[in-house]
Structure formats: structure tokens, C-alpha cells
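Residue-level structure breakdown
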Number of protein chains: 4
Amino acid sequence: MQFASDNWSGVTPEVAAALARAGDGFAPAYGDDALTARVTGMLAEVFEHELAVLFVPTGTAANLLCLQALARPGGYVVCTEQAHLHVDELNGAELLTGMKLVPIATADGRMSPAGLDDALARSPLAGRSARVAAVSLTNATELGTVYAPDEVARLAERAHAIGAAVHLDGARFANAVAATGAFPADLTWRAGVDLMSFGGTKNGCWAAEAVVVFDPGAHPTIGDLRQRTGHTFSKQRFVAAQLEGYLTDDAWLRTAAHANAMAARLVAGLAGRLDVTLEWDSTANEVFPVLSRATAARLRAAGASFHTEQERGDDEMVRLVASFATTDDDVSAFLALL
Amino acid sequence: MQFASDNWSGVTPEVAAALARAGDGFAPAYGDDALTARVTGMLAEVFEHELAVLFVPTGTAANLLCLQALARPGGYVVCTEQAHLHVDELNGAELLTGMKLVPIATADGRMSPAGLDDALARSPLAGRSARVAAVSLTNATELGTVYAPDEVARLAERAHAIGAAVHLDGARFANAVAATGAFPADLTWRAGVDLMSFGGTKNGCWAAEAVVVFDPGAHPTIGDLRQRTGHTFSKQRFVAAQLEGYLTDDAWLRTAAHANAMAARLVAGLAGRLDVTLEWDSTANEVFPVLSRATAARLRAAGASFHTEQERGDDEMVRLVASFATTDDDVSAFLALL
Amino acid sequence: MQFASDNWSGVTPEVAAALARAGDGFAPAYGDDALTARVTGMLAEVFEHELAVLFVPTGTAANLLCLQALARPGGYVVCTEQAHLHVDELNGAELLTGMKLVPIATADGRMSPAGLDDALARSPLAGRSARVAAVSLTNATELGTVYAPDEVARLAERAHAIGAAVHLDGARFANAVAATGAFPADLTWRAGVDLMSFGGTKNGCWAAEAVVVFDPGAHPTIGDLRQRTGHTFSKQRFVAAQLEGYLTDDAWLRTAAHANAMAARLVAGLAGRLDVTLEWDSTANEVFPVLSRATAARLRAAGASFHTEQERGDDEMVRLVASFATTDDDVSAFLALL
Amino acid sequence: MQFASDNWSGVTPEVAAALARAGDGFAPAYGDDALTARVTGMLAEVFEHELAVLFVPTGTAANLLCLQALARPGGYVVCTEQAHLHVDELNGAELLTGMKLVPIATADGRMSPAGLDDALARSPLAGRSARVAAVSLTNATELGTVYAPDEVARLAERAHAIGAAVHLDGARFANAVAATGAFPADLTWRAGVDLMSFGGTKNGCWAAEAVVVFDPGAHPTIGDLRQRTGHTFSKQRFVAAQLEGYLTDDAWLRTAAHANAMAARLVAGLAGRLDVTLEWDSTANEVFPVLSRATAARLRAAGASFHTEQERGDDEMVRLVASFATTDDDVSAFLALL
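Keep in mind that what you see is a predicted model, and the values were worked out from it rather than measured.

1. Topic: the pairing of strand β4 (residues 132–138) of chain C
In the case of a regular strand, side chains alternate between the two sheet surfaces. Residue and element names in this part refer to chain C. Taken across its seven residues, β4 has seven buried, putting it largely inside the fold. As paired elements, strand β2 (residues 76–80) and β4 share three bridges and run parallel to each other. Residue pairing in the sheet places V78 in a bridge with V135 of β4. Judged from the five bridges that link them, β4 and strand β5 (residues 165–170) form a sheet pairing that is parallel. Within β5, the position partnered with V135 by the bridge is V166. This β-α-β element, β4 to helix α7 (residues 149–161) to β5, shows right-handed connectivity.

Spelled out as C-alpha cells, the structure:
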């Protein structure tokens, strides 16, 4: 009953097989290989758009690279207070970009247009909205919710109106696509996203993350920025191979849909209970029930694995994460235990 | 006839198999898994010393992390003029550490004690040797040569005498061990190396590099430094698995010995020729012959792949790199062509 | 009727005279001169404590140096949402320290113990209070209020309890001393302040700011940090001379008391009026009345100079700043106009 | 007999008087005052060119700001091995720009076209000249020599040919103008200089340095760069006043000519002696004789003050610096003692 994190799972058979196929023979290093070119083409098809792709090792690396590309002296990045790049990346963005992250409180992990408007009118942004270099959204969010295309578009419109770019942290982008049923293009460039962190690791790759730039010529030194922080794999076909396995025949959307479905079963099982509170509707692969400490302890003692998100006196909010590797049996066992 | 670079090769069967084995099931992320612990133990055995190990994605990341751990305001890092961290890492070390790299000219890629003494007496180090935070050596060097343990020791002694730490860039450490026949411990901590970049990628892994700290408690914030630059893999078992395959039964030393042997055959074949000059003795897996441009062009036309290191009028110095994947047939074919 | 800022005023006769006296002859550069030593001694007397003093050109430079001295990878600095270092210094602290500034909302510019406790319990600090490297207070605050010694002490106690240092931004420290009547020692080290930005510029110097470290041995590389960002004046006696004129015979406290008194007259004149709102009690040299736009425009047309702090529909909050150079006549004229 | 440094002297009567005049009354802060505008106009006349001027506190700050304005990821700055920004600024440029300084050995402090060509052909620049973002020259140089306009032009031509900008460190620019008799325009933009650090401190100001940009629109965020490192004086008229006194009626060139003349008397007195060696011709205000240690000790014991530049067994190379404040009597006394 592993619900600790989607990065506790290993790799999908498709990714493992693709990686095994790519291990033989020679190929140019640093991205000049045929497989990297092919996967770039696959991503262009997925997004129905010309694009530049830069593989990087981690989601943090992807976020750092995107924000470095957008950096301005004295600039600001607006994000949510739950944003991974705000709370979990040890201020790498501040150090490498000299920008300040301005977090917006949210009810369920999603920035709202009203929340953005309000933040632009208050300290430290009041009167300084021209300094906002980027608005960064996460989809699926860190709280298991998703933005629909028009929700992204409304935020992007406001960002562009003040001259800010729109960054998408897509560490769980597959879950957002699966949950919304929207085309990847509709969730990104058609809604105004300028560049994104495209994640594969949490959804069945070993370490396959990429920066996707929808205006390929917009950041001519972005390759240098990647190299000088040590994020350029020499054997890039190793990321390319993973993504080939990931993207072929929509494998990435099937695994994400499975993870979402497992989370939906958890929600369904939790929703009716008097001793459990769900404070917002999760539709991607994460669920955050509030349980009594006693219940949480009992579940853990019985072998369930999950993190505490927040302590609240006798209760705790916990985080349950489903992944491609979560089984129906695990979910059933967990709900039965409860 | 692939001699372009050892990072043009793929992965060894041992590494591929270990990675395939590790892909199933769940494991704690961020290094708390059993496999990471086991591989840390394997490295401790290899080096016969207690140590801290931090997996990172690339050799550049490893170098950056080592130098960040050693950084002082206004500090200096002494290296050779060929050092990868000096010429190929786009000044990441300068940006992230605020230190200046002071390169020393070398005859064959190896820093000599006299060269180090001389550098300490001249601008910008003259009178400022107390500002030298680190001396960085590469073994095997970027020019295919190797340091013996006592050569490392003589340099480390000088470094420690001025209060500087000794960093070893071991992107090709396996080749150095294979070429010298020395124990890993004798080439590192017993000779005075304080921390090192331990490389697996060039010798048959996908992306497996590690910072090895020989005084495990010396750098308490090094994990934070790794995280804030986006170098912390979530699924660390993916590096651990590669290194398990790499280290088990000395596979890493066999592949390195093979690469060295292939390079030695190249040297033997080139050494006797009037139309080829070898300016120094290479004993690891890289060879740098000076050929006429016409010869180089002819070899390339016939299918040989290699980089030009330096243009010299009608001649060029080229770089031939052997790896675990270089075959006897390739070497024979290349020499026959010549 | 100049109320735009205290840095629109020039220098006091005492400062001008001291500077004129210091202009002749030779003196060692970079702080090795007798005058610098003498002024360091004067500051030690003012604070009744052994201390290290580093002159710097601006208040921003002082804040940057203090925070660099305290920096930790992935660290946090807690301050108020009005803090100059948060809103007016273009993220220099983030860039140079890699720390995140976490602003606390305040009613009147003063951090409260409850506000600090609350911030420590919420994102991004919840569960990460050990990462808080510094709590930064401003006294007098950016909103014209002051902390009494016990108010500083209560905040410092909380800071030290989580291992954080206490930084004081004392750009208007003289106004705080004059307003509280407290000894400088009681407002600083006796209350738990570890290091401070001591300002002279706003209170009658040309450019005289200093970092004061109450544990002189605590930051051995702080001089190097100052030098590498270009903040080390060669002719340091130029700052020393200003501070000699500033500190001699308590000139600094007289000018600050005068500025505070002028602001108090403004408060008295504004407080009784129905068409003016004062949202908090200012006791230092800044007052923030809310006026109708029409009134503000009328005052400006008549020659009064002041900044708009916040637009509020038909009203605006304005900022009136008094300095050593503000005259009784100016205040009377302003109030008469109103 | 003060020959330690030109920054051991105080201020000229012209500077002192101008500063005294500027101390009264109110003026807008941060450079919006009339005096700052007037001095910007004076500099435009001096240079016969439209320009942007940014006052900064120190020469290091000026150099840092120029190089930040020119920075590129992975870029290089070519300078001499004696360049102040290379040896005396604690790697601030590396930290803030992420660029590598590549020093060129010189005979007398002056970069030669051949020296530059040679550097571009060797490690680390070989094959990477497109990465050179700036060539930085110092005039007068750190060794008391000067570049004539055509010497600057020949270097600038090479710099521009590879897409690099030309930065001039003019900490002693007045001495260069006085020594060459060239127009300031001929030594700068007409010769290809793109932006410069214009120094006043060493030649009779307290702290008056400025970045001069010859293409005023070239660096739109340079003001933000200055602010975020704490280099923006609030009372800018304080620098402006100094420079007004400095520039009016060519006072700056008279003081520089005096300093140069005093140095020339030292050269004349030293040149004929058998026990003194002058290794290059100094024509600005610094002289570097090689003396026996015994002689140097005897001079110091008799009250002469100067720094040792280099120890050489029984000899030492010392540095004698003349300034506006150096008297004929001091020079005579020094030579008599010898």
C-alpha cells in the first residue's frame, strides 16, 4: 500500500524496454543523436507546434532553466504558495535568477484570476507589475487539482498584459492532460504558456524531464545556461529513449489515466466517511484527506505508506499519491483497512 | 571506427542488467532507498574508507558541487589549462562559487609540483596563496595521461601546506586505476585527495556520477547545495543501480582496462610512423596524434569518427578516444586505413 | 515645504565641518587610518560594547552585507512586508545570499511576536523553521513607528530559539533612539540584535552607513564579502569623518529628535481633522495621512512636496517625511495650507 | 614622503569647496537632481558625445557594473594579468557575471595587439573567441604606463571583430589624458571604447566614480543592476558636487598633470643610478623601481612610505605613487635620501 509519492515507483515496461534498446552502439553526445531528434519530433506532434526541447535531469533543473531564461534584474515570479519551485527547491531560482518569488494563497493549489489580480495590487507587486517577469503555474497542481485550458488562458492573458511570460511546471502534466481530456496544445501554447517543464519521471520514467520552449528562437543562450549549471547529459539518448517509450502509442496518457483513476477510487472511498474530510476536489493523482492521528497511525501500522502534509492537533492532513504502479488491490486493501 | 568520445558509447551489459532489475516495485525517493545504501557501501569498500556519497547527473554537476562545498569568498582554484572544469563547463564554477580558476600550463595534461610552485609564486597567486581554496587534479587527465599515487601525493602535500583542499576530477578515474594498477585508496585519500568527482558515464553507465567525500562530516550542507541547483534525482536508485552493475565483480576496472588497451594498440600503431607525431605518452584511453589534414580527411572519408583538437597549418592534432565498446576490429581497421 | 524624503536633505553643519577638516593630508586607505579607528571607538562607546564596524556606501549595501554574512544554502530571512530590503532593493539579497525573504503582514510596520509565530507555522516556513537564518527588523520602521527594547527582545528571543540571527536595519536608527529614549545598547545587543545596518545618510550625512557586528569575531570573511561587491571605499576616512561629526556631542540624536518633533507637529495638526485619516500612530519622522486626491493636488500645487504611498479611489495615502532640515515654518505653512 | 598610494591623499580644494556648496537645501534623491544633470552634461562635453552616466561608490563597483551590463552566459573577459579587476577585486566579476577573466601577460601593463591575438589563439579562448564578451583595458595602466589613442583603437578593432565590447577601466583616466595629451574622446569612443569606469577618487575626490556608457540606450537595465548590488547613492548630488569641482576649468587635468610631473621627477632622479633599475617607462603617476632591500629599508626608516610590489631575493620592486598632493619638496627629499 504505497501512497508516499509517485517518485517511489520505478519505471514502466515501455520505458524500460526503450532504454534497453538504446544501450547498444554509438551515438553522438550532447543531443546530436538521431533518437533525440526523433523524440523532439514526437513532442512537436504531441503539442502540435514547432518547439525547442532541452532535456534536463530533474524537475527542479527544468524550473531553474525556464526561470533563468526569463530572468530580469529585479524581476518577480508570481506563483502559488504551494508551488514546488517556491517551497521545495531551496531557493535555487532566487540564487540563479535574482528574482523574487511572490506566492499567492490558494484554496486548492490553483491560482485564480482574482487571486492574481489581488496579488498584483498588493505589496510587493503594487505599482511594480512591470517587474513581473513570469507567472508560473503548476498543472496538475501540487494539491491534486488541475487547470482546464480556459483557466490557464485567463491567467495567461493577465500575465501577458503586464509583459510577463507564462511558465508551466508540468512535473505531472500527463495527469493534467488525462484529467481534463484536453489536448496538450490547449493546456499550453494555445492557452498562452510560453515555456514549460515537461515531466516524465513521476509517471514512469527514471529521470526524464525536459524544458519545452514554444517559441524555439526566443532564448538563444538557453543551451549555455543549461550547460553551465551541469544539467547537460552527455548521453542524451538516455533521456530520449525513455521519452520514446513514454510517448509512443500514448503510453504516458494511459499510465497517467491509471494513476488518476486509482486516486479517484481513493476519493470515492473516502468521500462518504464521517471521520475523513476532503477539503477540496482532487481530480489528478493526489488526494489529501484529513484523518485522526489515531487512524493514520493504524493505517501505517498495517503497512500503508504515506506522508503527513500538515499536523492539526489530534488530526493530520495526509497525502496519498497514486502512480502507474498503484494497483487496484492496493487501493482496495487501503480502503478496507480504513 | 568510432573514436569521437567515450560518451558516444552506450552502456555495458552489466549496467543495463542492473538497471533493468531495479525498475520494478517501490523504493523511497531522494536516496533513502536500500540500493543507494548498498552502493554507498560498495564504494566504501572500493576506497577502503568511510565516505559520504552524493549522486549527481553529470561530471560538471559533480565538479560544481565539490567546488561549492570548498568555496571561500575571494578564493582561488588551481587547475591545469586543460582541466574540463576550466575549459568546458561555461564558468559554472565561477558563477556558483565566486572563485577564480587559475590554470597552469602543462606538457601532457599533468600538473607538476614545479608547475604548482611556480604558479603560487606568480600573478594572481603571488602573495595570496592563503586564498587558494582548492587544487583540482584530473585523473586520468584530459590528455590521456595519468598520475601515479606519489605524484598526487606530492601535489596534495603542497596544497595542504597552504590550507587548500584537494579535489579530484575522476570523470575517467577507472582508466587511471586501470592504467596505474594502483588501489583506488592510493590514488585518492591516502595521497591526500579530500573529495572527488567519481565518474561512471564515460565508462559504460548512462548517467552515473557521484561526489565522494572522504571526510563524511566535513560538509554538512552539501546535500542542500546539491538540491538547490536541481541535481538531486528523485529516483536515486536509478544511479545506484547503474553503479551496482558497474562496481560488481570489478566490472568497471575491466571495461576501463579494455579501453586503455585499445588506446595502447592505437599508440603502438601510430608510434612508429614518420607521418604521425605523438607529443606525449598516453596511457589511459585517449590518444592525440598529429596528422596531416589530408590524412585526417582521408580517414574520416573512410568512416572513422574523431574530433580535431587543434588546427596547426597543414596538420591537425586529433583526439582518438577508446571506450569499453571499442573493438579490436575497429582499431585494426583504423590502423590499416592509415 | 519639502516632505518627500529625508534623503532629499543635504548635510548638517557638523558633518560638513568634520568632512572639511578631514580633507587634507595623507592617511592610509581601506580603513587603516586613525580616524576610522577613532570612530570605531566612538561607536563602541555609543553601543557600550566591543564591536566590528564596516563602512559601506548605502543602506542597501549594509543590508546585503549583513545577510551575506548570515547566509545558509536554502535559508530564509523573515521580515515585514514593508521592509526596505524586501520591497526596495531589487532582490539583491536573494541573488547574493540565495535566501528567500518571507514577508509578514503588519498593521503599522512592526512585526509582532504573534505575527512571527504565525509565519513560522505557515507556508513556506511550516516545518522548516530551522532553515530561518535571520529575522530582520527595521527600527524606526518604514511606516514611522518604532520598536521599544522589550519589543525587540521578544522577537529576538523567538529568533534565537530557532537558531536564527537577528538583523536590524537601522537606516533610521537615530530616530528610533530619539523616539524611544532608550539607550542604543538596549535597542540592539541587549535586546538580542546580532548585527545591524547603522545609517547616517538620512539623518544628515552625505553617505555614511556601517555594518555593526556585536560579536566582532563572528564573521571572519565579512571584509572579503564587502570588497568583492565593490563596497569598500578606499578613502575610508571620508565615512569616518562624517560619522565623527555625526556622533560628536550627540549631534545625531539632536537632529533625529528635531525630525521626530517636526513629524509630531504634523501628526498633531492632522489628527483632529475630519478629512484626514491617520491609520496608525507614528512616533518617528514619517507620517502617512490619507487625504482626498483633491486635497493632495491642492497642497502640491501650493508647493508642498511629498510622495503618494498608495492610491485608494478618490483618496490617497501620502507619506510626509521630516528631517533635520525641516523647519517649523515649513510645518506651519503646510498645516495652514491644509 | 608619502608615495604609498594616490588614495592616501585627501581631496583637492576645488572638490572640497564644491561639496561644501552642495550641502544645503533639498534636492531630489537617486539622481533626479539638477546638479547630477549638470554634471552629466559636463561629462558629455568632456567626451564630446552623448552619454549615460551612473555614479557609483568605488572603482570596483564601476568595473562590476560595466561587466554585468556586458555579461553573457559562459562568456569571457580578456584583460591583462595586472588588471585591477583581475587581481584586486576578489572575483566579484566572476560571481556577478558568471564570466571568466582571461589574463594576458604584459611587459609593462599594456596589452599589445600581438598579445591579444596570441591569447585568442590559445586555451581557453582558442576556437571560442565568439564567447569573448569584453576586452577590458586600463588606462593609465596599473604599471604607470599609458595607451595612446591608436593603441586603444588597434585593440578595440580586434575586440569588435569578434563581437566583443571594449571596457575601459579609467580609475586613473585623468593621468592618461594628461600623459598623452589626447582628447578624452580620442582615448575612448573614437578609439572604440564602449563603456568605461571613470574615476575621480584617486585624483582628488572623496568617492566619485562613474560608469560612462557611450551608447546611452545600449543597456536599459543598467540602473537596476546598480541598485540591486547597493551601489545607488540616495544623495547623488554628493558625487555630482565632487565631479563638478573636479571637472570645472579642467581642474582634473591639472591635478593629474601635477601627479604625472612628480612621478616624472622621480623617474628622472632614479634613472641615472646604478643601484636602481626601472624595467619599463612610466609616464603616468606611478613608478616601479627595483632597489636593494637595504635601500628600501633605509628609505622607510627615514620616513618614506611606499609599498613593496614584488620581492626578489636581496632586491625588491617597490611602487611609488604620486598624486595631486605630492609636493616638490617630498620628491626632492626622497631623491636626496636615496
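Still more ground to cover, so stick around.
2. A short note on the relation of the copies chain B and chain C
Overlay of chain B on chain C (RMSD 0.0 Å): rotation 180 degrees, translation along the axis 0.0 Å. The superposition of one copy onto the other is thereby described by a two-fold rotation axis. Minimal C-alpha distance to the rotation axis in chain B is attained by L96 of chain B, lying at 5.2 Å.

3. Some remarks on the pattern of salt bridges
Taken as a whole, this structure holds 84 salt bridges over all chains when the rule is applied. A salt bridge links E48 of chain B to R190 of chain B, with the nearest nitrogen and oxygen atoms 2.9 Å apart. In this pair, E48 of chain B is assigned in the loop between α2 (34–47) and β1 (52–56) and R190 of chain B in the loop between α9 (184–187) and β6 (195–199), connecting sequence segments 142 residues apart. Here R110 of chain D makes a salt bridge to E151 of chain D, at a shortest N to O gap of 3.6 Å. Remark: E151 of chain D occurs in helix α7 (residues 149–161) and R110 of chain D occurs in the loop between β3 (100–104) and α6 (113–121); sequence separation between them is 41 residues. The class of E151 of chain D is partly exposed, set by a relative accessible area of 25%. Through salt bridges with shared partners, one network takes in D6, R172, E286 and R319 of chain A.

4. Comments concerning the interface of chain B and chain C
The interface of chain B with chain C comprises nine residues on the first partner and nine residues on the second. Counting the surface lost from both chain B and chain C, the interface buries some 620 Å², and carbon and sulfur atoms represent 51% of this. On the chain B side of the contact with chain C, P73, D224 and R228 of chain B bury the most area, a combined 68% of that side's loss. Where chain B touches chain C, the interface holds two salt bridges. Across the salt bridge formed by D224 of chain C and R131 of chain B, the nearest N and O atoms sit 2.9 Å from each other.

5. As for helix α2 (residues 34–47) of chain D
What sets the pattern is the α-helix's 3.6 residues per turn: residues three or four places apart point alike. Here α2 of chain D contains 14 residues, and its C-alpha end-to-end distance of 20 Å stays within 8% of the 20 Å for a straight helix at 1.5 Å per residue. Taken from the residues just after α2 of chain D, E48 of chain D is the one with a positive phi, measuring 50 degrees.

6. A closer look at the sheet that holds strand β3 (residues 100–104) of chain C
All names here are of chain C. Spatially, the seven strands line up as an open sheet ordered β1-β7-β6-β5-β4-β2-β3, and their pairing is mixed. Since the sheet does not close on itself, it has two edges, and those belong to β1 (52–56) and β3, each with one partner. Neighbour to neighbour, the strand axes of the sheet diverge by 20 degrees on average, direction disregarded. Note that β1 and strand β7 (residues 209–213) share five bridges and pair antiparallel. In the sheet register, V53 faces β7, and the bridge partner there is V212.

7. A short note on the relation of the copies chain B and chain A
By a simple turn and slide, chain B fits onto chain A: the slide is 0.0 Å along the axis, the RMSD is 0.0 Å, and the turn is 180 degrees. When the interface residues of chain B are mapped onto chain A, 100% of them again lie at the interface, so the same face is used by both copies.

8. Focus on the packing of aromatic side chains
All names here are of chain A. Overall, the coordinates contain 54 aromatic pairs over all chains when judged by the stated rule. Here F173 and W252 contribute two aromatic rings whose centre-to-centre distance is 6.4 Å and whose plane-to-plane angle is 20 degrees, an arrangement assigned as stacked. Remark: W252 occurs in helix α12 (residues 251–271) and F173 occurs in helix α8 (residues 173–180); sequence separation between them is 79 residues. Since its relative accessible area comes to 0%, F173 is described here as buried.

9. Quick notes on the packing of α12 of chain A against helix α14 (residues 328–337) of chain A
Residue and element names in this part refer to chain A. Where α12 meets α14, the axes come as close as 10 Å, and the angle between the chain directions of the two elements is 15 degrees. Here α12 is positioned roughly parallel relative to α14, judged by the angle of their axes. Here α12 runs over α14; the crossing is right-handed. Of the residues in α14, those in contact with M262, R265, L266, G269 and L270 of α12 are D328, V331, S332, F334 and L335. When grouped by side-chain class, the residues that make up the contact of α12 with α14 number six nonpolar, two polar and two charged.

10. A look at the interface of chain B and chain A
Taken residue by residue, the interface counts 47 residues in chain B and 47 residues in chain A. Buried surface at the junction of chain B and chain A, summed over both partners, amounts to about 3,900 Å²; 64% is from carbon and sulfur atoms. Three residues stand out in chain B for area buried against chain A, namely F26, W206 and K235 of chain B, and they jointly supply 22% of the buried area on that side. Linking chain B to chain A there are zero salt bridges. For the side of chain B that touches chain A, the secondary structure elements donating two or more residues are α1 (13–22), α3 (59–70), α5 (92–97), α10 (222–228) and α11 (237–247) of chain B.

11. Structural notes on the state of the cysteines
Residue and element names in this part refer to chain D. Using the criterion set out here, one finds zero disulfides over all chains in the structure. C66 takes part in no disulfide bond, and the closest cysteine sulfur to it belongs to C79, at a distance of 14 Å. Classification of C66 as buried rests on a relative accessible area of 0%. The structure places no disulfide on C205, whose sulfur is separated from the nearest cysteine sulfur, that of C66, by 17 Å.

12. Here's the deal with the sheet that holds strand β7 (residues 209–213) of chain A
All names here are of chain A. An order of β1-β7-β6-β5-β4-β2-β3 is seen for the seven strands of this open sheet, with the pairing classed as mixed. With partners counted over all chains shown, the strands left at the sheet margins are β1 (52–56) and β3 (100–104), one partner each. Taken over all neighbouring pairs, the strand axes of this sheet differ in orientation by 20 degrees on average, direction set aside.

13. A word on the packing of helix α6 (residues 113–121) of chain C against α7 of chain C
Residues and elements named next belong to chain C. Relative orientation of the contacting elements α6 and α7 amounts to 20 degrees, with a least axis distance of 9 Å. Considering their axes alone, α6 and α7 lie roughly parallel with respect to each other. Like other packed secondary-structure pairs, α6 and α7 cross with a definite hand, here right-handed. Contacts between α6 and α7 involve P113, L116 and D117 on the former and, on the latter, R154, L155 and R158.

14. Some remarks on α6 of chain D
Residues and elements named next belong to chain D. Restricting attention to buried positions, one finds in α6 the residues G115, L116, A119 and L120. Axial view of α6: buried residues confined to an arc of 135 degrees, hence all on one face. Those residues of α6 that are exposed and aimed more than 90 degrees away from the buried face are A114 and A121. Residues of α6 that are buried make contact with β2 (76–80), β3, β4 (132–138) and α7.

Conventions used here
- Residues numbered from 1 in each chain as written.
- Chains lettered and ligands numbered in written order.
- Predicted model: local features only at pLDDT ≥ 70, side-chain atom pairs only at ≥ 80, totals over all residues.
- Heavy atoms only, no water.
- Buried < 20%, exposed > 50% of the residue type's maximum accessible area, 1.4 Å probe, protein only.
- Helix = DSSP H or I, 4+ residues; strand = E, 2+ residues; numbered from the N terminus.
- Pairing = 2+ DSSP bridges.
- Right-handed = clockwise from strand over helix to strand, strands pointing away.
- Least-squares fit on C-alpha atoms with pLDDT ≥ 70 in both.
- Salt bridge = Lys/Arg side-chain N within 4 Å of Asp/Glu carboxyl O.
- Contact = heavy atoms within 4.5 Å.
- Buried area = accessible area lost by both parts, 1.4 Å probe.
- Expected span 1.5 Å × (residues − 1).
- Axes fitted to C-alpha atoms, helices over the stretch in contact; angles between N-to-C directions.
- Phe/Tyr/Trp six-rings, centres within 6.5 Å; stacked < 30°, edge-to-face > 60°.
- Parallel < 35°, antiparallel > 145°, perpendicular 65-115°, else oblique.
- Left-handed = near helix turned anticlockwise from the far one by under 90°.
- Nonpolar A, V, L, I, M, F, W, Y, C, P; charged D, E, K, R; others polar.
- Disulfide = S-S within 2.5 Å.
- Arc of directions from axis to C-beta.

Treat this as a map of the structure, not an account of what it does.
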